[in-house]
Amino acid sequence: MALGESWLRCGNRALARWFGPVFGLRRQLRQLQRDLWRARRRDRAIDLAVAQRLHRASWRRTQFGDRASDRAGYDFLQGPQTDPEAVAKVRAAIEEGHDIDIDLLNYRKDGSTFWNALYLSPVRDNDGKIRFFFASQLDVTDRVEAQEIVDQQKKLVEQEVERRTADLRAALEAKTILLHEVDHRVKNNLTMIGSLLRLQVRAIDDPAIATKLDSMLERVDALAVVHRQLYQSSDIAKFDIGSFTENLTHDVVGSSGRTDIAVEVDAQPLFVDAAHASALGLIVNEILFNAIKHGFANGRSGTLSVLVDNGEERGVIKICDDGPGLPSKQRTKSIGTALITRLARQAGAEATWSDNQPGTCVTITFPAQA
């Protein structure tokens, strides 16, 4: 005697009326098994008979508070807008014997559509053989439609973000072009100023005055080189002080006409804030000219070594000569030292002098950008 039938014959009619429909599911599950295997032989994922039995099995239990009248006309089947890939997944789950949880667009008897959340799971015996399938369904039309609204709103937001990003990108490009034009004009103006000063130097007979003007000219030329590199750079916010130092070292030594000075440069790319480019450029220029002026004075040959390194937190520029060195008392009174100290403070950097044994080393440390 089946378990459901024993309950129905137990003499307690109230319990029988309450639990009878639950045990009646056993017969419906058996019929469901036959329908599913019939659908398999017909190479169909789930046919109308299976769908209708799923409906009746889910909603006939009116004792638990559901009313069959509320679900009138709820018989459903697949239609032209049902996703073939989703149907194929259901078919594959049945053939391979595994669980599947999927949303299907189904059709009611009157032709209207709704979204059906279908869960299908095989039930196996002790030997692992599939005896039947358990299935549940739920109308999730409201959830799917709400998700579609969310997706549409998300798409609109993404389009708006893309549009505003394009506007900002265009504005940035316009700003970049403008700044490059400014740097280009500044560079040209500095070059013109340098040319005028050189003409003036040629007319001066006093060697001391001419020497001082030459020093000023070198600083003007260094600024011109800084602005030239700025307008040639694609990033207006950063300045590669590493490549600048390497190029300036060769330019300064070359312009001095000193072929007896060996140059050793180890410069890595090192980016700093473009706002500090002029100050750091002048510092490097001042150190290089002081090295040639004092370290290799009176035709003394030697080696000028330059290191540009990107540390963990701060960048480092180290310029050394192997000359006789400069006494600290004499160094503190020089205009070059005062200029380097003030410019370093302006760029948030720190300048230190040390003995190279022989010669002098000047080390500049400053904040670097990633």
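Residues numbered from 1 in each chain as written. Predicted model: local features only at pLDDT ≥ 70, side-chain atom pairs only at ≥ 80, totals over all residues. Heavy atoms only, no water.

**Overview of the packing of helix 8 (residues 241-256) against helix 9 (residues 277-295)**
Phase 1: The geometry of helix 8 relative to helix 9 is characterised by a closest axis approach of 10 Å and an angle of 35° between their N-to-C directions. As for the relative orientation of helix 8 and helix 9, their crossing is right-handed in sense. Contact with helix 8, carried on its side by Ile-241, Phe-244, Thr-245, Leu-248, Thr-249, Val-252, Val-253 and Ser-256, involves Leu-280, Gly-281, Val-284, Asn-285, Leu-288, Phe-289 and Ile-292 of helix 9 and no other residues of that element.
Phase 2: Each residue belonging to the contact of helix 8 with helix 9 can be placed in one class, and the counts come to ten nonpolar, five polar and no charged. (Axes fitted to C-alpha atoms, helices over the stretch in contact; angles between N-to-C directions. Helix = DSSP H or I, 4+ residues; strand = E, 2+ residues; numbered from the N terminus. Left-handed = near helix turned anticlockwise from the far one by under 90°. Contact = heavy atoms within 4.5 Å. Nonpolar A, V, L, I, M, F, W, Y, C, P; charged D, E, K, R; others polar.)

**Some words on the pairing of strand 4 (residues 130-139)**
Phase 1: With nine bridges joining them, strand 3 (residues 113-124) and strand 4 adopt antiparallel strand pairing. Bridging across to strand 4, Tyr-119 finds its partner in Ser-136.
Phase 2: The turn linking strand 3 back onto strand 4 is made up of five residues, and Gly-128 within it adopts a positive phi angle of 85°. (Pairing = 2+ DSSP bridges.)

**Remarks on helix 7 (residues 207-232)**
Phase 1: Taking 1.5 Å of rise per residue, 26 residues should cover 38 Å, and helix 7 covers 37 Å from first to last C-alpha, within 8% of that figure.
Phase 2: Turning to helix 7, its buried residues are Ala-210, Leu-217, Arg-219, Val-220, Ala-222, Ala-224, Val-225, Val-226, His-227, Gln-229 and Leu-230.
Phase 3: Against the buried residues of helix 7 lie helix 6 (141-202), strand 5 (238-240), helix 8, helix 9 and helix 11 (335-346).
Phase 4: Its side-chain oxygen at 3.1 Å from the backbone nitrogen of Ala-208, Asp-206 defines the N-terminal cap of helix 7. (Expected span 1.5 Å × (residues − 1). Buried < 20%, exposed > 50% of the residue type's maximum accessible area, 1.4 Å probe, protein only. Polar contact = N/O pair within 3.5 Å; in protein donor to acceptor, adjacent residues only side chain to side chain.)

**Observations regarding the pattern of salt bridges**
Phase 1: Applying the stated criterion to the full structure yields nine salt bridges.
Phase 2: A salt bridge links Arg-164 to Glu-160; the nearest nitrogen and oxygen atoms lie 2.9 Å apart. Here Arg-164 and its partner Glu-160 are both found in helix 6, four residues apart, which amounts to about one turn of the helix.
Phase 3: Across the salt bridge formed by Arg-300 and Asp-322, the nearest N and O atoms sit 3.9 Å from each other. You can see Arg-300 sitting in the loop between helix 9 and strand 8 (302-310) and its partner Asp-322 sitting in the loop between strand 9 (314-321) and helix 10 (328-332), a full 22 residues away along the chain. (Salt bridge = Lys/Arg side-chain N within 4 Å of Asp/Glu carboxyl O.)

**Describing the sheet that holds strand 11 (residues 360-367)**
Where strands meet in a sheet, backbone hydrogen bonds hold them as pairs that are either parallel or antiparallel.
Phase 1: Taken in spatial order, the five strands line up as 6-8-9-11-10 in an open sheet, and their pairing is mixed. Of all the strands in the sheet, just strand 6 (261-267) and strand 10 (350-355) have a single pairing partner and so form its edges. Each strand axis lies, on average, 10° off the axis of its neighbour in the sheet, ignoring direction.
Phase 2: Pairing geometry for strand 6 and strand 8, over seven bridges, is parallel. Following the sheet pairing, Val-265 is matched in strand 8 by Val-306.
Phase 3: Contacting strand 6, strand 8, strand 9 and strand 11, helix 9 runs over the sheet at an angle of about 15° to strand 9.

**Some words on the packing of aromatic side chains**
Phase 1: Applying the stated criterion to the full structure yields one aromatic pair.
Phase 2: With 5.6 Å between their ring centres and 55° between their planes, Phe-239 and Phe-244 make a pair best called tilted.
Phase 3: Taking relative accessible area as the criterion, Phe-239 reaches 1% and is therefore assigned buried.
Phase 4: Positioned above the aromatic ring of Phe-271, the side-chain terminus of Lys-238 is 5.9 Å from the ring centre. (Phe/Tyr/Trp six-rings, centres within 6.5 Å; stacked < 30°, edge-to-face > 60°. Lys NZ or Arg CZ within 6 Å of the ring centre and 35° of its normal.)

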